[in-house]
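# What the coordinates show
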Amino acid sequence: MEPKKVTADWLSKQYTKSISAFRRHLSEPALRVRFAQGADPFFRQCAVAVWAHGNPVTEQHVAAYNAIRSKDSPLPDTLYWELVSAVGAVPDVETPPFFRMLIEYDRRTGGQSAKRFLELCSTLLLLFAAVDDQVTGEEAAFVDLCVAQLAAECGEAAPVNAAAYVTKGNKTGEPPVPQPSAPAEAEAPQPAETPAPPPPSVDELLAELDSLCGLEKVKSDVRSLINLVKVRKLREDNGLPVPPMSLHLVFLGNPGTGKTTVARLLAKLYHAIGVLSGGQLVEVDRSGLVAGYVGQTAIKTGEVIQKALGGVLFIDEAYALVSQEGTNDFGREAIEVLLKSMEDHRDDLIVIVAGYSNLMEKFIHSNPGLESRFNKYFYFEDYSGEQLWIIFQSVCQKNGYEPDGALKEFAPGFFQTLYEERDENFGNARDVRNLFEKAVARQSDRVSGLEAPTKEDLMVLTLEDFQKAAEEDLELS
């Protein structure tokens, strides 16, 4: 029987199961949140470091890297040249902050969370080494070294000797494919079906909300709304009267201010407190609801609503449903179907409509049914210059880049001016992300001309990179 190959799909399933199992083991909500936030970036860093000690990067490595994604986290989209550049830098593996939290937690409680994390690291790093169907001696030695360094911080012994998994050449000169299931099964046999991880708690979700940059008024409004809904449910459970209340919401604000992110958290919060049965977010715009022929819009809108039952239907730029003129526009038909469904499924469907402030107010007032159902407004303010700079630094750190000293001096003033001179096309965090991507492209042009770029060369974003990106952005606008 042929040994199992480490495909990206198989790796993704094993990774998700492993992360979910470890997360369930953590009983402290704040620790679970920190682990959930930091696990994917840490293990992607580990994968790159392991591959720096193995064979040349292939498309198998790229697919595997993009498969390192736990449940509900954003989907990575790293390109081949980006991964080659990262691996070529031969990065170190830095101890994640949550690991030190695990050590402290174990000291307080007498637990063994840090030891279990070491076992998780050993297993996953070996699987990363095997993605090209071969574990080299250098990769195995690095895995041992990496885990040993973590183990030294908590006084534990390294759990696995990775050298045992080095593949040996066979008679044809081709290395046999390593059996990735062996180390995983040796350390923790899994049942035939791993139970689904429990949904995040209210405290975890509120901690995630608090971690977002800015949005102080929105955070306060969300907490007040959740408190209101929790008390209503307590009154219902105790047989007390509960006045009617609509939970449908209007999100007002410019693009890039976090509306979709908050909507996704609200869906999970509503599920956590028992208001919604599913807690999923279904995001659409006009094109996702409206068809081009008579009778099709009702069907198309109905299908979207069916997907959203038990969760939140998020309609971005909802004003576009009534902004079209003429008898051939079917946006108003979509609204009628939506209003009827909101009534028919009022106990298990919440609708959030979002868009520019002035246009959304016109949209709500265009139909009495909309006015009666949408009476709660959350206003998402533009990010300040200081917040835009914080977001830029966060994006840099997440992607392994570091602004140089000149850029750190220049950027705060640049973002302050960007904020002060904003117009109707201002994209907030979306503009920051676009600017970062253009700066990375300019940095790549510069670094590719160096004869032997160092790790620092590959990481640093210079003022010149940034300014060229800003000039390009200005030309495109």
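These numbers were taken from a predicted model, which means no experiment stands behind them.

### Looking at the overall build of the chain
The helix and strand tally for the chain stands at 21 helices and seven strands. Scored against the burial criterion, the 477 residues of the chain give a buried share of 45%. Taking contacts inside the chain between residues at least 6 apart in sequence as the whole, the part at least 24 apart equals 75%. Accessible area of the chain: about 24000 Å², with a carbon and sulfur share of 51%.

### Topic: the pattern of salt bridges
Under the counting rule described, the total for this entry stands at 19 salt bridges. A salt bridge links arginine 100 to glutamate 153, with the nearest nitrogen and oxygen atoms 3.3 Å apart. With arginine 100 in helix H5 (residues 97-109) and glutamate 153 in helix H7 (residues 137-154), this pair connects stretches of sequence that are 53 residues apart. Residue classification places glutamate 153 among the partly exposed positions, given a relative accessible area of 30%. The partner of glutamate 343 in a salt bridge is arginine 373, and the shortest N-O contact between them spans 3.8 Å. Of this pair, glutamate 343 sits in helix H14 (residues 331-344) while arginine 373 sits in helix H16 (residues 368-373); the two residues are 30 residues apart in sequence, bridging distant segments of the chain. Under the relative-accessibility criterion, arginine 373 is labelled partly exposed at 21%. Residues participating in the shared-partner salt-bridge network are Arg23, Arg32 and Glu204.

### Quick notes on the pairing of strand E5 (residues 377-380)
Side chains Phe378 and Phe380 of E5 all project onto a buried face; the interleaved residues Tyr377 and Tyr379 project onto a face where none is buried. The pairing of strand E1 (residues 249-253) with E5 spans four bridges and is classified as parallel. When the bridges of E5 are listed, glycine 253 appears paired with phenylalanine 380.

### Overview of the side chain of lysine 219
For lysine 219, the position within the fold is in helix H10 (residues 216-237). At 3.2 Å, the side chain of lysine 219 forms a polar contact with the backbone oxygen of aspartate 210. Once residues within four sequence positions are removed from consideration, lysine 219 is found in contact with Leu209, Asp210, Leu212 and Gly214.

Definitions and cut-offs
- Residues numbered from 1 in each chain as written.
- Predicted model: local features only at pLDDT ≥ 70, side-chain atom pairs only at ≥ 80, totals over all residues.
- Heavy atoms only, no water.
- Helix = DSSP H or I, 4+ residues; strand = E, 2+ residues; numbered from the N terminus.
- Buried < 20%, exposed > 50% of the residue type's maximum accessible area, 1.4 Å probe, protein only.
- Contact = heavy atoms within 4.5 Å.
- Areas by Shrake-Rupley, 256 points an atom, 1.4 Å probe, with all protein chains shown as cover.
- Salt bridge = Lys/Arg side-chain N within 4 Å of Asp/Glu carboxyl O.
- Pairing = 2+ DSSP bridges.
- Polar contact = N/O pair within 3.5 Å; in protein donor to acceptor, adjacent residues only side chain to side chain.

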